[in-house]
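# Fold and geometry: a report
Okay, here's what each chain looks like letter by letter:
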Amino acid sequence: MLIPCPNCGPRAEEEFAFGGPVRELPPLDGTADAKAWHRALHGAGRAGGALPEVWYHHAGCECWVTLRRDLASHAFEKAPT
Amino acid sequence: MESREGNRVQYSGAMVIAKALGRNRGWRPIVAAREPNARYDVVVIGGGAHGLAVAHYLAARHGITNVAVLEAGWIGSGNTARNTAIVRSDYLLDASFRLKHFALGLWEGLAQELNFNVMYSPRGYVDLAHSDGELEHMTLRANAMVLRGAEAKVLDRAALQARVPCLELDAPSRYPISGALVQEKGGVVRHDAVAWGFARQASRQGVDIFQNCPVEGFEIAAGRLQAVLTPKGRIACGQAVISVAGQSAVLAGHAGFELPLTPVNVQACVTEPVKPVLDCVINYNAGLSYVSQTDKGEFVLGGATDGYGSQARRGSFARLEDVLARAAQMFPFLSRLRLMRHWSGTADMTMDGNAIIGETPVAGLMINAGWGYAGFKATPAVGWTLAERLATGKSPDLLLPFALERFATGALIDDAGIGPYPWLH
Ligand SMILES: Cc1cc2nc3c(=O)[nH]c(=O)nc-3n(C[C@H](O)[C@H](O)[C@H](O)COP(=O)(O)OP(=O)(O)OC[C@H]3O[C@@H](n4cnc5c(N)ncnc54)[C@H](O)[C@@H]3O)c2cc1C
Ligand SMILES: [Zn+2]
(Lines give C-alpha, C1' and ligand atoms only; values in the text may rest on other atoms or scores of the structure.)
(Ligands and ions follow the chains in the order given, each with its own letter.)
Protein backbone atom coordinates (compact mmCIF):
# COMPACT_ATOMS: atom_id res chain seq x y z
CA MET A 1 0.00 0.00 0.00
CA LEU A 2 1.26 3.48 -0.91
CA ILE A 3 0.16 6.21 1.49
CA PRO A 4 -0.14 9.70 -0.04
CA CYS A 5 1.51 11.85 2.62
CA PRO A 6 0.38 15.46 2.05
CA ASN A 7 3.92 16.62 2.93
CA CYS A 8 6.12 14.00 1.25
CA GLY A 9 4.00 12.44 -1.50
CA PRO A 10 3.23 8.72 -1.93
CA ARG A 11 5.37 6.57 0.36
CA ALA A 12 5.42 2.88 1.34
CA GLU A 13 3.25 1.84 4.28
CA GLU A 14 6.32 0.68 6.23
CA GLU A 15 7.23 4.37 6.69
CA PHE A 16 4.08 4.98 8.73
CA ALA A 17 2.54 4.03 12.05
CA PHE A 18 -1.25 3.69 12.06
CA GLY A 19 -3.04 5.84 14.60
CA GLY A 20 -6.54 4.61 13.95
CA PRO A 21 -9.78 6.24 12.86
CA VAL A 22 -10.19 9.89 13.78
CA ARG A 23 -11.80 10.00 17.21
CA GLU A 24 -13.69 13.02 18.45
CA LEU A 25 -12.76 12.87 22.13
CA PRO A 26 -14.81 14.73 24.74
CA PRO A 27 -13.08 17.56 26.63
CA LEU A 28 -10.78 16.45 29.45
CA ASP A 29 -12.34 18.82 31.97
CA GLY A 30 -14.58 16.26 33.67
CA THR A 31 -17.81 17.47 32.06
CA ALA A 32 -18.33 14.43 29.78
CA ASP A 33 -20.04 11.38 31.25
CA ALA A 34 -19.08 7.72 30.88
CA LYS A 35 -21.53 7.29 28.01
CA ALA A 36 -19.83 10.01 25.95
CA TRP A 37 -16.43 8.42 26.54
CA HIS A 38 -17.78 5.01 25.64
CA ARG A 39 -19.13 6.37 22.38
CA ALA A 40 -15.91 8.21 21.55
CA LEU A 41 -13.54 5.33 22.38
CA HIS A 42 -15.53 2.31 21.26
CA GLY A 43 -17.80 3.60 18.48
CA ALA A 44 -16.71 5.70 15.50
CA GLY A 45 -18.56 4.17 12.55
CA ARG A 46 -16.66 1.19 11.23
CA ALA A 47 -19.39 -0.25 9.05
CA GLY A 48 -17.42 0.31 5.84
CA GLY A 49 -16.76 2.93 3.18
CA ALA A 50 -14.03 5.58 3.36
CA LEU A 51 -13.02 6.54 6.90
CA PRO A 52 -10.85 9.42 8.08
CA GLU A 53 -7.79 7.98 9.82
CA VAL A 54 -4.53 9.30 11.22
CA TRP A 55 -1.04 8.07 10.28
CA TYR A 56 2.33 9.05 11.74
CA HIS A 57 5.01 9.40 9.05
CA HIS A 58 8.02 8.37 11.13
CA ALA A 59 10.37 7.79 8.19
CA GLY A 60 9.48 11.09 6.51
CA CYS A 61 8.10 14.41 7.72
CA GLU A 62 7.50 13.07 11.27
CA CYS A 63 3.98 14.52 11.21
CA TRP A 64 0.58 13.04 12.00
CA VAL A 65 -1.49 13.24 8.81
CA THR A 66 -5.23 12.68 8.34
CA LEU A 67 -6.35 10.72 5.28
CA ARG A 68 -9.54 9.02 4.16
CA ARG A 69 -9.15 5.41 3.05
CA ASP A 70 -11.58 2.77 1.82
CA LEU A 71 -11.08 -0.30 4.04
CA ALA A 72 -11.85 -2.76 1.24
CA SER A 73 -9.96 -1.25 -1.71
CA HIS A 74 -7.31 0.69 0.30
CA ALA A 75 -7.94 3.65 -2.03
CA PHE A 76 -7.05 6.98 -0.40
CA GLU A 77 -8.78 10.31 -0.78
CA LYS A 78 -7.42 13.55 0.56
CA ALA A 79 -9.21 14.44 3.78
CA PRO A 80 -11.26 17.62 3.77
CA THR A 81 -9.54 20.00 6.18
CA MET B 1 -33.13 -33.46 -3.53
CA GLU B 2 -30.75 -35.42 -1.27
CA SER B 3 -32.36 -36.97 1.73
CA ARG B 4 -30.63 -37.13 5.08
CA GLU B 5 -30.84 -40.92 5.11
CA GLY B 6 -27.38 -41.50 3.69
CA ASN B 7 -26.00 -39.42 6.47
CA ARG B 8 -27.10 -41.80 9.22
CA VAL B 9 -24.13 -44.10 8.61
CA GLN B 10 -21.46 -44.33 11.28
CA TYR B 11 -17.89 -43.78 10.06
CA SER B 12 -15.28 -46.36 11.02
CA GLY B 13 -11.87 -47.62 9.99
CA ALA B 14 -13.47 -50.67 8.39
CA MET B 15 -15.73 -48.41 6.36
CA VAL B 16 -12.82 -46.31 5.11
CA ILE B 17 -11.06 -49.48 3.92
CA ALA B 18 -14.22 -50.87 2.33
CA LYS B 19 -14.88 -47.59 0.49
CA ALA B 20 -11.26 -47.44 -0.65
CA LEU B 21 -11.55 -50.95 -2.12
CA GLY B 22 -14.73 -49.77 -3.86
CA ARG B 23 -12.77 -46.86 -5.38
CA ASN B 24 -14.41 -44.44 -2.96
CA ARG B 25 -17.72 -44.54 -4.76
CA GLY B 26 -20.88 -44.26 -2.71
CA TRP B 27 -19.88 -41.69 -0.10
CA ARG B 28 -22.94 -39.63 0.78
CA PRO B 29 -22.87 -35.82 0.99
CA ILE B 30 -22.47 -34.53 4.54
CA VAL B 31 -25.03 -31.78 4.04
CA ALA B 32 -28.34 -32.55 2.37
CA ALA B 33 -29.75 -30.11 -0.19
CA ARG B 34 -33.35 -29.14 0.59
CA GLU B 35 -35.69 -26.16 0.72
CA PRO B 36 -35.92 -24.12 3.92
CA ASN B 37 -38.94 -24.41 6.21
CA ALA B 38 -41.04 -21.28 6.68
CA ARG B 39 -40.01 -21.08 10.32
CA TYR B 40 -37.24 -22.34 12.57
CA ASP B 41 -36.84 -22.19 16.35
CA VAL B 42 -33.26 -21.04 15.88
CA VAL B 43 -31.48 -19.64 12.82
CA VAL B 44 -27.69 -19.64 12.99
CA ILE B 45 -26.19 -17.04 10.63
CA GLY B 46 -22.75 -18.13 9.45
CA GLY B 47 -21.66 -21.69 8.73
CA GLY B 48 -18.18 -21.37 10.13
CA ALA B 49 -16.97 -23.76 12.82
CA HIS B 50 -18.56 -21.60 15.54
CA GLY B 51 -22.03 -21.49 13.99
CA LEU B 52 -21.97 -25.20 13.15
CA ALA B 53 -20.88 -26.02 16.72
CA VAL B 54 -23.84 -24.03 18.08
CA ALA B 55 -26.19 -26.02 15.84
CA HIS B 56 -24.66 -29.34 16.90
CA TYR B 57 -24.88 -28.66 20.62
CA LEU B 58 -28.44 -27.29 20.32
CA ALA B 59 -29.44 -30.68 18.93
CA ALA B 60 -27.12 -32.91 20.95
CA ARG B 61 -27.47 -31.34 24.39
CA HIS B 62 -30.88 -29.69 24.27
CA GLY B 63 -32.87 -31.69 21.71
CA ILE B 64 -33.57 -28.54 19.69
CA THR B 65 -33.46 -29.66 16.07
CA ASN B 66 -35.76 -27.21 14.28
CA VAL B 67 -32.62 -25.25 13.49
CA ALA B 68 -31.20 -23.80 10.27
CA VAL B 69 -27.61 -22.75 9.60
CA LEU B 70 -27.41 -20.15 6.82
CA GLU B 71 -24.00 -19.80 5.20
CA ALA B 72 -23.21 -17.13 2.59
CA GLY B 73 -20.57 -19.24 0.81
CA TRP B 74 -19.72 -22.84 1.58
CA ILE B 75 -19.35 -24.15 5.12
CA GLY B 76 -15.95 -23.46 6.62
CA SER B 77 -14.95 -21.08 3.82
CA GLY B 78 -14.31 -18.18 6.20
CA ASN B 79 -11.72 -17.91 8.93
CA THR B 80 -12.35 -21.52 9.94
CA ALA B 81 -10.28 -22.71 6.99
CA ARG B 82 -7.89 -19.75 7.02
CA ASN B 83 -6.57 -20.02 10.56
CA THR B 84 -3.32 -21.60 11.67
CA ALA B 85 -5.31 -24.17 13.67
CA ILE B 86 -3.67 -23.48 17.02
CA VAL B 87 -5.50 -24.39 20.23
CA ARG B 88 -4.30 -23.52 23.75
CA SER B 89 -5.54 -21.93 26.99
CA ASP B 90 -2.46 -20.13 28.33
CA TYR B 91 -4.30 -16.87 29.00
CA LEU B 92 -3.75 -14.61 31.99
CA LEU B 93 -7.20 -13.18 32.64
CA ASP B 94 -9.77 -15.41 34.27
CA ALA B 95 -12.58 -15.06 31.73
CA SER B 96 -10.26 -15.67 28.76
CA PHE B 97 -8.61 -18.63 30.41
CA ARG B 98 -11.77 -20.35 31.57
CA LEU B 99 -13.60 -20.35 28.23
CA LYS B 100 -10.55 -21.55 26.29
CA HIS B 101 -9.63 -24.14 28.90
CA PHE B 102 -13.16 -25.51 28.79
CA ALA B 103 -12.70 -25.74 25.01
CA LEU B 104 -9.41 -27.62 25.42
CA GLY B 105 -11.24 -30.27 27.45
CA LEU B 106 -13.88 -30.58 24.72
CA TRP B 107 -11.27 -30.86 21.92
CA GLU B 108 -9.92 -33.99 23.61
CA GLY B 109 -13.14 -35.93 23.16
CA LEU B 110 -14.43 -34.28 20.00
CA ALA B 111 -13.37 -36.89 17.43
CA GLN B 112 -15.32 -39.55 19.35
CA GLU B 113 -18.30 -37.29 19.95
CA LEU B 114 -18.58 -36.28 16.30
CA ASN B 115 -17.57 -39.66 14.86
CA PHE B 116 -15.20 -37.63 12.69
CA ASN B 117 -11.43 -37.44 12.99
CA VAL B 118 -10.69 -33.81 13.84
CA MET B 119 -7.02 -34.71 14.45
CA TYR B 120 -6.53 -32.89 17.76
CA SER B 121 -2.79 -33.04 18.19
CA PRO B 122 -1.65 -31.92 21.67
CA ARG B 123 1.90 -31.38 20.54
CA GLY B 124 2.69 -28.53 22.92
CA TYR B 125 2.49 -24.75 22.57
CA VAL B 126 5.83 -23.04 23.25
CA ASP B 127 5.66 -19.30 23.87
CA LEU B 128 9.09 -17.66 23.74
CA ALA B 129 10.31 -14.96 26.13
CA HIS B 130 12.96 -12.54 24.88
CA SER B 131 14.01 -10.89 28.12
CA ASP B 132 14.17 -11.73 31.81
CA GLY B 133 11.22 -9.42 32.39
CA GLU B 134 9.15 -11.25 29.81
CA LEU B 135 10.10 -14.61 31.32
CA GLU B 136 8.93 -13.32 34.72
CA HIS B 137 5.62 -12.34 33.21
CA MET B 138 5.34 -15.82 31.71
CA THR B 139 6.03 -17.30 35.13
CA LEU B 140 3.13 -15.23 36.45
CA ARG B 141 0.93 -16.58 33.64
CA ALA B 142 2.09 -20.14 34.29
CA ASN B 143 1.36 -19.81 38.02
CA ALA B 144 -2.09 -18.40 37.29
CA MET B 145 -2.78 -21.36 35.00
CA VAL B 146 -1.57 -23.92 37.52
CA LEU B 147 -3.66 -22.33 40.29
CA ARG B 148 -6.73 -22.76 38.06
CA GLY B 149 -5.94 -26.43 37.51
CA ALA B 150 -4.17 -26.32 34.15
CA GLU B 151 -0.74 -27.69 33.37
CA ALA B 152 2.02 -25.21 32.48
CA LYS B 153 5.80 -25.15 32.56
CA VAL B 154 8.41 -22.42 32.41
CA LEU B 155 11.63 -23.48 30.68
CA ASP B 156 15.05 -21.85 30.96
CA ARG B 157 17.31 -21.77 27.91
CA ALA B 158 18.81 -25.22 28.46
CA ALA B 159 15.45 -26.89 29.03
CA LEU B 160 14.01 -25.04 26.03
CA GLN B 161 16.83 -26.28 23.78
CA ALA B 162 16.13 -29.83 24.95
CA ARG B 163 12.40 -29.40 24.25
CA VAL B 164 12.95 -27.85 20.79
CA PRO B 165 16.34 -29.10 19.54
CA CYS B 166 16.11 -27.37 16.15
CA LEU B 167 15.46 -23.93 17.69
CA GLU B 168 18.36 -21.53 17.08
CA LEU B 169 19.26 -20.04 20.47
CA ASP B 170 22.80 -18.90 19.87
CA ALA B 171 22.77 -17.07 16.55
CA PRO B 172 23.70 -13.41 16.78
CA SER B 173 20.04 -12.50 16.90
CA ARG B 174 18.36 -9.19 17.43
CA TYR B 175 16.03 -10.49 20.12
CA PRO B 176 17.78 -13.07 22.33
CA ILE B 177 15.63 -15.89 23.68
CA SER B 178 15.63 -16.24 27.45
CA GLY B 179 13.17 -19.09 27.96
CA ALA B 180 9.60 -20.12 27.29
CA LEU B 181 6.17 -20.89 28.70
CA VAL B 182 4.96 -24.31 27.55
CA GLN B 183 1.46 -25.78 27.61
CA GLU B 184 1.82 -29.39 26.45
CA LYS B 185 -1.97 -29.77 25.94
CA GLY B 186 -1.88 -26.96 23.43
CA GLY B 187 -1.43 -27.91 19.79
CA VAL B 188 -3.36 -28.00 16.55
CA VAL B 189 -6.69 -29.34 15.30
CA ARG B 190 -7.53 -29.92 11.66
CA HIS B 191 -9.77 -26.93 11.05
CA ASP B 192 -11.69 -28.16 7.96
CA ALA B 193 -12.54 -31.39 9.76
CA VAL B 194 -13.97 -29.35 12.63
CA ALA B 195 -16.38 -27.58 10.28
CA TRP B 196 -17.35 -30.79 8.46
CA GLY B 197 -17.55 -32.83 11.67
CA PHE B 198 -19.93 -30.40 13.35
CA ALA B 199 -21.91 -29.95 10.12
CA ARG B 200 -22.35 -33.66 9.56
CA GLN B 201 -23.36 -34.37 13.15
CA ALA B 202 -25.78 -31.42 13.23
CA SER B 203 -27.29 -32.54 9.95
CA ARG B 204 -27.64 -36.14 11.19
CA GLN B 205 -29.65 -34.84 14.14
CA GLY B 206 -32.04 -32.93 11.88
CA VAL B 207 -30.48 -29.48 11.55
CA ASP B 208 -30.85 -27.91 8.08
CA ILE B 209 -27.69 -26.39 6.62
CA PHE B 210 -27.98 -24.05 3.64
CA GLN B 211 -24.95 -22.94 1.66
CA ASN B 212 -24.86 -19.98 -0.76
CA CYS B 213 -27.54 -18.44 1.42
CA PRO B 214 -26.41 -15.09 2.84
CA VAL B 215 -28.60 -13.24 5.31
CA GLU B 216 -29.26 -9.84 3.72
CA GLY B 217 -31.53 -8.25 6.28
CA PHE B 218 -33.67 -8.69 9.36
CA GLU B 219 -37.36 -8.20 10.01
CA ILE B 220 -37.70 -6.60 13.42
CA ALA B 221 -41.00 -5.54 15.02
CA ALA B 222 -41.22 -3.63 18.31
CA GLY B 223 -37.59 -4.37 19.08
CA ARG B 224 -38.00 -8.12 18.60
CA LEU B 225 -36.58 -10.25 15.80
CA GLN B 226 -39.25 -11.81 13.57
CA ALA B 227 -37.39 -13.21 10.58
CA VAL B 228 -34.20 -13.16 8.54
CA LEU B 229 -34.24 -12.20 4.87
CA THR B 230 -32.32 -14.33 2.37
CA PRO B 231 -32.24 -15.06 -1.38
CA LYS B 232 -34.25 -18.18 -0.47
CA GLY B 233 -36.92 -15.88 0.93
CA ARG B 234 -38.08 -14.77 4.36
CA ILE B 235 -37.32 -17.28 7.10
CA ALA B 236 -39.19 -16.72 10.36
CA CYS B 237 -37.42 -17.63 13.56
CA GLY B 238 -37.83 -17.67 17.32
CA GLN B 239 -34.19 -16.71 17.86
CA ALA B 240 -31.14 -16.12 15.68
CA VAL B 241 -27.40 -15.90 16.26
CA ILE B 242 -25.02 -13.75 14.22
CA SER B 243 -21.78 -15.76 13.96
CA VAL B 244 -20.09 -14.34 10.87
CA ALA B 245 -16.57 -13.40 12.09
CA GLY B 246 -15.18 -10.78 9.66
CA GLN B 247 -18.67 -9.69 8.53
CA SER B 248 -19.97 -9.00 12.06
CA ALA B 249 -20.12 -5.21 11.70
CA VAL B 250 -22.08 -5.54 8.45
CA LEU B 251 -24.67 -7.88 9.95
CA ALA B 252 -24.99 -5.74 13.08
CA GLY B 253 -25.56 -2.80 10.74
CA HIS B 254 -28.46 -4.68 9.07
CA ALA B 255 -29.97 -5.15 12.52
CA GLY B 256 -29.48 -1.49 13.38
CA PHE B 257 -26.76 -1.54 16.04
CA GLU B 258 -23.03 -0.90 16.17
CA LEU B 259 -20.31 -3.20 17.45
CA PRO B 260 -17.16 -1.88 19.15
CA LEU B 261 -14.76 -3.47 16.67
CA THR B 262 -12.52 -2.83 13.68
CA PRO B 263 -11.98 -5.40 10.93
CA VAL B 264 -8.29 -6.14 10.41
CA ASN B 265 -6.44 -8.36 7.97
CA VAL B 266 -4.48 -11.40 9.19
CA GLN B 267 -2.21 -13.49 6.99
CA ALA B 268 -0.81 -16.99 7.03
CA CYS B 269 1.27 -19.14 4.68
CA VAL B 270 2.74 -22.62 4.24
CA THR B 271 6.07 -23.81 2.89
CA GLU B 272 6.78 -26.84 0.74
CA PRO B 273 6.77 -30.09 2.74
CA VAL B 274 10.01 -31.43 4.23
CA LYS B 275 10.92 -34.20 6.68
CA PRO B 276 9.65 -33.83 10.27
CA VAL B 277 11.83 -31.66 12.48
CA LEU B 278 9.48 -29.56 14.63
CA ASP B 279 7.08 -31.38 16.99
CA CYS B 280 5.42 -28.40 18.69
CA VAL B 281 3.82 -25.05 17.93
CA ILE B 282 6.23 -22.24 18.71
CA ASN B 283 5.58 -18.53 19.01
CA TYR B 284 8.18 -15.78 18.65
CA ASN B 285 7.01 -12.85 20.76
CA ALA B 286 9.30 -10.01 19.69
CA GLY B 287 6.90 -8.97 16.99
CA LEU B 288 4.84 -12.02 16.27
CA SER B 289 5.59 -15.14 14.27
CA TYR B 290 4.18 -18.57 15.03
CA VAL B 291 5.35 -21.75 13.39
CA SER B 292 4.26 -25.36 13.34
CA GLN B 293 4.91 -28.28 11.01
CA THR B 294 1.96 -30.21 9.60
CA ASP B 295 1.77 -33.98 9.48
CA LYS B 296 2.48 -33.64 5.75
CA GLY B 297 5.70 -31.76 6.53
CA GLU B 298 4.76 -28.23 5.51
CA PHE B 299 5.63 -25.38 7.86
CA VAL B 300 2.62 -23.21 8.70
CA LEU B 301 3.48 -19.61 9.54
CA GLY B 302 1.38 -16.78 10.87
CA GLY B 303 1.90 -13.42 12.54
CA ALA B 304 0.31 -10.23 13.77
CA THR B 305 -2.45 -8.27 12.04
CA ASP B 306 -1.43 -6.02 9.17
CA GLY B 307 -1.52 -3.19 11.69
CA TYR B 308 -4.40 -1.14 10.28
CA GLY B 309 -8.12 -1.56 9.64
CA SER B 310 -8.88 -3.64 6.54
CA GLN B 311 -11.71 -5.54 4.91
CA ALA B 312 -9.60 -6.45 1.90
CA ARG B 313 -8.56 -10.08 2.63
CA ARG B 314 -5.39 -9.03 0.80
CA GLY B 315 -2.23 -9.07 2.86
CA SER B 316 0.37 -6.37 3.28
CA PHE B 317 3.72 -7.50 1.91
CA ALA B 318 5.50 -5.68 4.76
CA ARG B 319 3.79 -7.91 7.34
CA LEU B 320 4.56 -11.11 5.43
CA GLU B 321 8.22 -10.17 5.20
CA ASP B 322 8.26 -9.40 8.92
CA VAL B 323 6.68 -12.76 9.86
CA LEU B 324 9.14 -14.68 7.69
CA ALA B 325 12.15 -12.76 9.00
CA ARG B 326 11.23 -13.61 12.58
CA ALA B 327 10.58 -17.25 11.73
CA ALA B 328 14.03 -17.42 10.13
CA GLN B 329 15.52 -16.09 13.38
CA MET B 330 14.13 -19.13 15.16
CA PHE B 331 14.84 -21.60 12.38
CA PRO B 332 17.44 -20.32 9.92
CA PHE B 333 16.91 -23.39 7.70
CA LEU B 334 13.43 -22.08 6.86
CA SER B 335 14.99 -19.45 4.61
CA ARG B 336 15.80 -22.25 2.11
CA LEU B 337 12.18 -23.34 1.73
CA ARG B 338 9.74 -22.04 -0.85
CA LEU B 339 6.28 -20.82 0.09
CA MET B 340 3.51 -22.90 -1.47
CA ARG B 341 0.44 -20.90 -0.49
CA HIS B 342 -0.35 -17.61 1.19
CA TRP B 343 -3.74 -16.19 2.20
CA SER B 344 -5.59 -13.70 4.39
CA GLY B 345 -8.72 -13.49 6.47
CA THR B 346 -10.71 -10.58 7.86
CA ALA B 347 -10.58 -10.72 11.64
CA ASP B 348 -13.20 -8.87 13.68
CA MET B 349 -11.06 -7.29 16.38
CA THR B 350 -12.76 -5.60 19.32
CA MET B 351 -11.67 -2.68 21.46
CA ASP B 352 -10.30 -4.99 24.18
CA GLY B 353 -9.19 -7.83 21.90
CA ASN B 354 -11.77 -10.22 23.33
CA ALA B 355 -14.99 -11.73 22.00
CA ILE B 356 -18.54 -10.46 22.32
CA ILE B 357 -21.02 -13.23 23.07
CA GLY B 358 -24.63 -12.92 24.17
CA GLU B 359 -27.54 -10.56 23.76
CA THR B 360 -27.82 -7.64 21.35
CA PRO B 361 -30.16 -4.61 21.52
CA VAL B 362 -32.61 -6.64 19.37
CA ALA B 363 -34.63 -9.15 21.43
CA GLY B 364 -34.21 -12.68 20.14
CA LEU B 365 -31.01 -11.86 18.27
CA MET B 366 -27.73 -13.10 19.78
CA ILE B 367 -24.21 -12.28 18.73
CA ASN B 368 -20.97 -14.23 18.68
CA ALA B 369 -18.29 -11.92 17.30
CA GLY B 370 -14.99 -10.24 17.95
CA TRP B 371 -12.85 -13.37 18.00
CA GLY B 372 -10.23 -11.67 15.88
CA TYR B 373 -7.47 -14.13 15.11
CA ALA B 374 -7.92 -16.16 18.27
CA GLY B 375 -11.32 -17.81 18.02
CA PHE B 376 -10.66 -21.20 16.50
CA LYS B 377 -9.39 -22.63 19.80
CA ALA B 378 -12.68 -21.68 21.49
CA THR B 379 -14.95 -23.31 18.89
CA PRO B 380 -16.47 -26.17 20.91
CA ALA B 381 -16.83 -24.00 24.03
CA VAL B 382 -18.65 -21.29 22.06
CA GLY B 383 -20.99 -23.90 20.60
CA TRP B 384 -21.64 -25.49 23.99
CA THR B 385 -22.28 -22.28 25.95
CA LEU B 386 -24.19 -20.38 23.28
CA ALA B 387 -26.45 -23.39 22.67
CA GLU B 388 -27.17 -23.41 26.41
CA ARG B 389 -27.98 -19.68 26.31
CA LEU B 390 -30.38 -20.19 23.40
CA ALA B 391 -32.02 -23.26 24.89
CA THR B 392 -32.43 -22.10 28.49
CA GLY B 393 -32.65 -18.32 28.10
CA LYS B 394 -29.88 -18.00 30.69
CA SER B 395 -26.21 -17.28 30.00
CA PRO B 396 -23.84 -19.79 31.55
CA ASP B 397 -21.24 -18.24 33.90
CA LEU B 398 -18.50 -18.82 31.32
CA LEU B 399 -20.24 -16.39 28.96
CA LEU B 400 -21.27 -13.59 31.32
CA PRO B 401 -17.99 -11.63 31.15
CA PHE B 402 -18.21 -11.50 27.33
CA ALA B 403 -21.44 -9.48 27.20
CA LEU B 404 -21.64 -6.54 24.79
CA GLU B 405 -22.45 -4.16 27.68
CA ARG B 406 -18.97 -4.50 29.10
CA PHE B 407 -17.72 -1.73 26.82
CA ALA B 408 -20.27 0.72 28.23
CA THR B 409 -19.70 -0.34 31.85
CA GLY B 410 -15.91 -0.45 31.61
CA ALA B 411 -15.58 -4.15 32.50
CA LEU B 412 -13.18 -4.79 29.62
CA ILE B 413 -11.23 -8.06 29.24
CA ASP B 414 -7.96 -6.80 27.82
CA ASP B 415 -5.46 -9.69 28.13
CA ALA B 416 -2.67 -7.76 26.49
CA GLY B 417 -3.40 -4.47 28.28
CA ILE B 418 -3.36 -2.60 24.98
CA GLY B 419 -6.48 -0.42 25.16
CA PRO B 420 -9.07 0.44 22.50
CA TYR B 421 -6.70 -0.02 19.55
CA PRO B 422 -7.92 -3.20 17.80
CA TRP B 423 -5.21 -3.18 15.13
CA LEU B 424 -2.56 -3.54 17.87
CA HIS B 425 -4.19 -6.49 19.65
C1 LIG C 1 -4.92 -15.98 9.19
C2 LIG C 1 -5.67 -16.34 10.43
C3 LIG C 1 -5.07 -17.16 11.39
C4 LIG C 1 -5.76 -17.53 12.54
N5 LIG C 1 -5.15 -18.38 13.42
C6 LIG C 1 -5.83 -18.81 14.53
C7 LIG C 1 -5.24 -19.77 15.40
O8 LIG C 1 -4.13 -20.27 15.15
N9 LIG C 1 -5.92 -20.14 16.51
C10 LIG C 1 -7.16 -19.63 16.80
O11 LIG C 1 -7.72 -19.97 17.83
N12 LIG C 1 -7.77 -18.74 15.96
C13 LIG C 1 -7.13 -18.33 14.83
N14 LIG C 1 -7.74 -17.45 13.95
C15 LIG C 1 -9.09 -16.95 14.27
C16 LIG C 1 -10.21 -17.92 13.91
O17 LIG C 1 -10.03 -18.41 12.61
C18 LIG C 1 -11.56 -17.20 14.01
O19 LIG C 1 -11.65 -16.54 15.25
C20 LIG C 1 -12.71 -18.20 13.91
O21 LIG C 1 -12.60 -19.02 12.79
C22 LIG C 1 -14.04 -17.46 13.84
O23 LIG C 1 -15.02 -18.40 13.93
P24 LIG C 1 -16.02 -18.82 12.77
O25 LIG C 1 -15.79 -20.26 12.60
O26 LIG C 1 -17.33 -18.37 13.22
O27 LIG C 1 -15.55 -17.95 11.50
P28 LIG C 1 -15.78 -18.18 9.95
O29 LIG C 1 -15.25 -19.48 9.51
O30 LIG C 1 -15.24 -16.96 9.27
O31 LIG C 1 -17.35 -18.26 9.82
C32 LIG C 1 -18.19 -17.18 9.54
C33 LIG C 1 -19.03 -17.54 8.33
O34 LIG C 1 -20.04 -16.58 8.16
C35 LIG C 1 -20.30 -16.48 6.79
N36 LIG C 1 -21.04 -15.25 6.51
C37 LIG C 1 -20.56 -13.99 6.36
N38 LIG C 1 -21.56 -13.13 6.08
C39 LIG C 1 -22.70 -13.87 6.07
C40 LIG C 1 -24.08 -13.54 5.85
N41 LIG C 1 -24.49 -12.30 5.58
N42 LIG C 1 -24.98 -14.55 5.91
C43 LIG C 1 -24.60 -15.82 6.18
N44 LIG C 1 -23.31 -16.17 6.38
C45 LIG C 1 -22.38 -15.22 6.35
C46 LIG C 1 -18.93 -16.56 6.15
O47 LIG C 1 -19.03 -16.95 4.79
C48 LIG C 1 -18.23 -17.58 7.03
O49 LIG C 1 -18.25 -18.88 6.50
C50 LIG C 1 -7.07 -17.04 12.78
C51 LIG C 1 -7.68 -16.22 11.84
C52 LIG C 1 -7.00 -15.87 10.66
C53 LIG C 1 -7.69 -14.99 9.65
ZN1 LIG D 1 5.38 12.78 5.33
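Anything mentioned here points back to the structure above.
In this report, we go over the structure that sits alongside the text. Remember, it's a predicted structure, so these values are computed and weren't measured experimentally.

Turning our eyes to something else, we now look at the site of ligand 1. Residue and element names in this part refer to chain B. The environment of ligand 1 is formed by 34 residues, the closest being Glu71, Asn79, Thr80, Thr84 and Lys377. Within the backbone of Tyr373, a nitrogen or oxygen atom sits 3.3 Å from a nitrogen atom of ligand 1. Alone, ligand 1 offers 1,000 Å² of accessible surface; in the complex the protein occludes 95% of this. Of all the secondary-structure elements, those providing two or more residues to the shell around ligand 1 are helix H2 (49-62) and strand S12 (261-271).

Attention now goes to the interface of chain A and chain B. Between chain A and chain B, the contact holds 23 residues from the first and 22 residues from the second. If you look at where chain A meets chain B, you find zero salt bridges. Taken together, the connections running from chain A to chain B amount to eight residue pairs in polar contact (both at pLDDT 80 or more). In terms of residues, the side of chain A that touches chain B owes the most to one element, strand S3 (residues 16-21) of chain A, which gives four residues.

Residue and element names in this part refer to chain B. An order of S5-S6-S4-S13-S14-S15-S12-S16 is seen for the eight strands of this open sheet, with the pairing classed as mixed. The two strands at the open ends of the sheet, each matched to only one other strand, are strand S5 (153-155) and strand S16 (339-350). Ignoring strand direction, the axes of neighbouring strands in this sheet form an average angle of 20°. Against the sheet, helix H8 (residues 317-330) touches strand S4 (125-129), S12, strand S13 (281-284), strand S14 (289-293), strand S15 (299-309) and S16, its axis set at about 140° to S15.

Now for the coordination of the zinc ion (ligand 2). Residues and elements named next belong to chain A. Within the protein, the zinc ion (ligand 2) binds to Cys5 (SG), Cys8 (SG), His57 (ND1) and Cys61 (SG); these donor distances fall in the range 2.0 to 2.4 Å. Taken together, the four donor atoms coordinating the zinc ion (ligand 2) and their angles of 106 to 120° define a geometry best described as tetrahedral. Read in sequence order, the donor residues coordinating the zinc ion (ligand 2) give the pattern C-x2-C-x48-H-x3-C. Of the two residues, Cys8 is situated in the loop between strand S1 (2-5) and strand S2 (9-12) and Cys61 in the loop between strand S4 (50-57) and strand S5 (64-70); the sequence distance between them amounts to 53 residues.

In the structure shown here, the tally under the stated rule is 16 aromatic pairs over all chains. Site record: aromatic cluster; members linked through ring pairs are A:Phe16, A:Phe18, A:Trp55, A:Phe76, B:Tyr308, B:Tyr421 and B:Trp423. Residue placement shows B:Lys100 over the ring face of B:Tyr91; its charged tip is 3.8 Å from the ring centre. Between the NZ or CZ atom of B:Arg200 and the centre of the ring of B:Tyr11, over which it lies, the distance is 3.5 Å.

What counts and what doesn't
Residues numbered from 1 in each chain as written. Chains lettered and ligands numbered in written order. Predicted model: local features only at pLDDT ≥ 70, side-chain atom pairs only at ≥ 80, totals over all residues. Heavy atoms only, no water. Near = heavy atom within 4 Å. Polar contact = N/O pair within 3.5 Å; in protein donor to acceptor, adjacent residues only side chain to side chain. Areas by Shrake-Rupley, 256 points an atom, 1.4 Å probe, with all protein chains shown as cover. Helix = DSSP H or I, 4+ residues; strand = E, 2+ residues; numbered from the N terminus. Contact = heavy atoms within 4.5 Å. Salt bridge = Lys/Arg side-chain N within 4 Å of Asp/Glu carboxyl O. Pairing = 2+ DSSP bridges. Axes fitted to C-alpha atoms, helices over the stretch in contact; angles between N-to-C directions. Donors = N, O, S within 2.8 Å, 3.2 Å for Na, K, Ca; no water. Tetrahedral: all angles 85-135°; square planar, octahedral: opposite > 155°, others 65-115°. Phe/Tyr/Trp six-rings, centres within 6.5 Å; stacked < 30°, edge-to-face > 60°. Lys NZ or Arg CZ within 6 Å of the ring centre and 35° of its normal.

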